[in-house]
Amino acid sequence: LKDYKRPDRRRVTFNFATPSDSLPQITIVNGANAGKEISDWALLNASVTLDTLEYWICDPDVLAQDSLLVAARYLRTDTLEQLSWTIDTLKLFHKEPKKKKKEEEADSVPRLNFMTFSPRTSSTHELNMPLRFLASQPIDTILFSGVHFEIMRDTLWERLPLPSLQQDSVKLLEYTLSHDWEPGGKYRLMVDSAAIIGIYNEWNKPIKHEFTVRQVEDYANLYFTIPDVGQPVIVELLDASDKPILTAPMVEGKATFNFVTPSTYYARAYIDSNNNGEYDTGNLLEHRQPEEVYYYPKKLVVRRNWDITQPWNIYELP
């Protein structure tokens, strides 16, 4: 456990030094709420690797408790380099910042606090991607009668059936709206005021998001052909910072990347020896080597409306 805090009254966070396959067991040990496990009083927003945990407090009694002591049971590497369970008592205190006189006077006037539901895409949208939204707090209710989805036809907006709006399977605050976009189409999504209500009974201001979808000609298609190596192979397309942009498995000797945005890329492949679809590092205690990785030796300059077929013998160079 590297860090833990209560950055504001509504949230507590825990950051661990390494990815994990299990969640810590967290229980309140002080006050009238002693004995309550965290699943009873908070909603979890976690990273995929479970090393960054953000809990949103949804129990009004716990929310009102300034001094919060919790017992946290989690895995930690001991002096023998073995994972073992440990229990720490952690202080998660919240203290309201001292307000200046002008702020106190402003607070004497009743005011509404709003939540936000913001699009994470710009005015130009990718043809093969869903719309993504980020909420400022966990959502309790969405009144779909107040959500409107339209496309422009001959300078007029035409109403469309609302596509499915899905919460992300891991990230509590993220939502996606999937649709079979028309290339070059201009769309508009509007959300009425108070159509989205958060768990703290705060709602949204009116939202209007207009965007244009890219044309098919704005993309390229890239194909790698790799001789059969007798094991599953995964190919990753990388940007200049070595960050994976797209991933594709080898199928019948070919890795296919569609809808590639024009840019300069690099590539690497790894032998997916356990066929789990992801790269696995080595393990010293299990005497297991990391999965083999091979880098494509040249950079790839991808231009719009191109189809590129690139042969690659991964064993050609050391």
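Use the structure listed above.
This write-up is about the structure you can find in this document.

It is worth spelling out the pattern of salt bridges at this point. With the rule as written, the count across this model stands at 15 salt bridges. Two residues, Arg153 and Glu158, come together in a salt bridge whose shortest N-O distance is 3.5 Å. Given a relative accessible area of 31%, Arg153 falls into the partly exposed group. Using a relative accessible area of 36% as the deciding quantity, one classes Glu158 as partly exposed. As a salt-bridge pair, Arg304 and Asp218 come within 2.8 Å of each other at their nearest N and O atoms. Remark: Asp218 occurs in the loop between β18 (207-213) and β19 (220-225) and Arg304 occurs in the loop between β25 (300-302) and β26 (307-311); sequence separation between them is 86 residues. Residue class for Arg304 comes out partly exposed when judged on its relative accessible area of 46%. The structure contains a network of salt bridges with shared partners spanning Asp8, Arg11 and Glu54.

Once that is clear, we can look at the pairing of strand β16 (residues 186-191). Looking at chain direction, strand β12 (residues 147-153) and β16 are connected through 5 bridges and run antiparallel. Bridge pairing links Phe149 to Leu189 in β16. Bridge count for β16 against β18 is 6 bridges, and the pairing is antiparallel. The partner of Val191 across the bridge, within β18, is Ile207.

Moving on to the packing of aromatic side chains. Here the structure, examined in full by the defined rule, presents 17 aromatic pairs. Here Phe117 and Tyr175 contribute two aromatic rings whose centre-to-centre distance is 5.8 Å and whose plane-to-plane angle is 65°, an arrangement assigned as edge-to-face. Taken together, the residues Phe117 in strand β8 (residues 117-119) and Tyr175 in strand β15 (residues 174-177) connect sequence positions 58 residues apart. Residues Phe117 and Tyr175 agree in their burial class; the two are buried. Ring geometry for Trp181 versus Phe211: centroids 5.4 Å apart, planes at 90°, classification edge-to-face. Pair noted here: Trp181 is in the loop between β15 and β16 and Phe211 is in strand β18, with a separation of 30 residues, a long-range link. Each of the two residues, Trp181 as well as Phe211, counts as buried.

Turning to a nonpolar patch on the surface, a few remarks are in order. On the surface, Leu75, Leu83 and Trp85 cluster together to form a nonpolar patch covering roughly 300 Å² of accessible area. Judged by its relative accessible area of 60%, Leu83 is exposed.

Moving on, we come to the sheet that holds β19. Spatial ordering of the open sheet is given by β22-β19-β26, a layout of 3 strands whose pairing is mixed. Two strands close off the open sheet at either side, each with one partner strand: β22 (254-260) and β26. Going across the sheet, the axis of each strand differs from the next one's by a mean of 15°, ignoring polarity.

Rules used in this analysis
Residues numbered from 1 in each chain as written. Predicted model: local features only at pLDDT ≥ 70, side-chain atom pairs only at ≥ 80, totals over all residues. Heavy atoms only, no water. Salt bridge = Lys/Arg side-chain N within 4 Å of Asp/Glu carboxyl O. Buried < 20%, exposed > 50% of the residue type's maximum accessible area, 1.4 Å probe, protein only. Helix = DSSP H or I, 4+ residues; strand = E, 2+ residues; numbered from the N terminus. Pairing = 2+ DSSP bridges. Phe/Tyr/Trp six-rings, centres within 6.5 Å; stacked < 30°, edge-to-face > 60°. Patch = residues over 30% accessible without salt bridge, like charges linked within 9 Å, V, L, I, M, F, W, Y side chains within 5 Å. Areas by Shrake-Rupley, 256 points an atom, 1.4 Å probe, with all protein chains shown as cover. Axes fitted to C-alpha atoms, helices over the stretch in contact; angles between N-to-C directions.

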